[in-house]
Amino acid sequence: MKHWTIVYPGGEGEDCFETLSEKEILDYYFPHWCKMMAQSGRNIPPNAEQMCIDDWVVTHWAIEEKINE
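What this report covers is the structure whose coordinates are included nearby. Residue indices follow the written sequence of each chain, beginning from 1 at its first position. pLDDT decides what is reported in this predicted model: residues at 70 or higher carry local features, side-chain atom pairs at 80 or more are listed and counted, and totals for whole chains, interfaces and linings draw on all residues regardless. Heavy atoms from the whole structure form the basis of all side-chain values; hydrogens and water molecules are not counted.

Counted as salt bridges are all cases of a side-chain nitrogen of Lys or Arg within 4 Å of a carboxyl oxygen of Asp or Glu. Following the criterion strictly, the structure yields two salt bridges and no others. One salt bridge connects Asp27 with Lys23, and the closest N-O pair in it is separated by 2.8 Å. Residue Asp27 and its partner Lys23 are both found in helix 1 (residues 22–39); the two are separated by four residues, about one turn of the helix. Given a relative accessible area of 47%, Lys23 falls into the partly exposed group. Of the charged contacts, one joins Lys66 and Glu64 as a salt bridge, the two residues approaching to 3.6 Å between their closest N and O atoms. Burial classes follow relative accessibility: with a 1.4 Å probe on protein chains only, a residue under 20% of its type's maximum area counts as buried, one over 50% as exposed, and anything between as partly exposed. Note on Lys66: relative accessible area 71%, which makes it exposed. Helical segments are the DSSP runs of H or I of at least four residues, strand segments are the runs of E of at least two, and each set is numbered from the N terminus.

Here it is in structure tokens:
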């Protein structure tokens, strides 16, 4: 399973780093993503989960992490 790291501004000028697995991304973002797809009149495609992850990665400028499991 892939993991992705995002960076966002924290307090006192510090950057915050957060690494999420693709499962965590889907658990958090997939319901919202599906709702937005439906509201825009789009059908949910067969590869919806991968499309959701791809959209999340681009939107958050995420970088893939190499994690040994």
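A separate point is the sheet that holds strand 1 (residues 3–9). Two strands are counted as paired when DSSP detects at least two bridges linking them. If you walk across this open sheet you meet the three strands as 2-1-3, and the pairing is antiparallel. The strands lining the two open edges of the sheet, one partner per strand, are strand 2 (15–21) and strand 3 (63–65). Taking each pair of neighbouring strands and ignoring which way they run, the sheet shows an average axis angle of 35°. Summarising the sheet, strand 1 and strand 2 pair through seven bridges and their orientation is antiparallel. Counted as the bridge partner of Trp4 is Leu20 from strand 2. The axes are straight lines fitted to the C-alpha atoms, using for helices just the contacting stretch, and the angles between their N-to-C directions are given from 0 to 180°.

Put simply, buried Ala, Val, Leu, Ile, Met, Phe, Trp, Tyr and Cys residues joined by side-chain atoms within 4.5 Å make one nonpolar core. Among the nonpolar cores identified, the biggest contains 15 residues, and Trp4, Ile25, Trp33 and Trp56 are the most heavily contacted of them. For this core, the elements supplying multiple residues, two or more each, are strand 1, helix 1 and helix 2 (48–60). The dominant element in this core, judged by the number of residues it contributes, is helix 1, at six residues. We call two residues in contact whenever any of their non-hydrogen atoms come within 4.5 Å of each other. With near-sequence residues (within four places) excluded, Trp4 lies in contact with Glu18, Thr19, Leu20, Glu22, Ile25, Ile53, Trp56, Val57, Ala62, Ile63 and Glu64.

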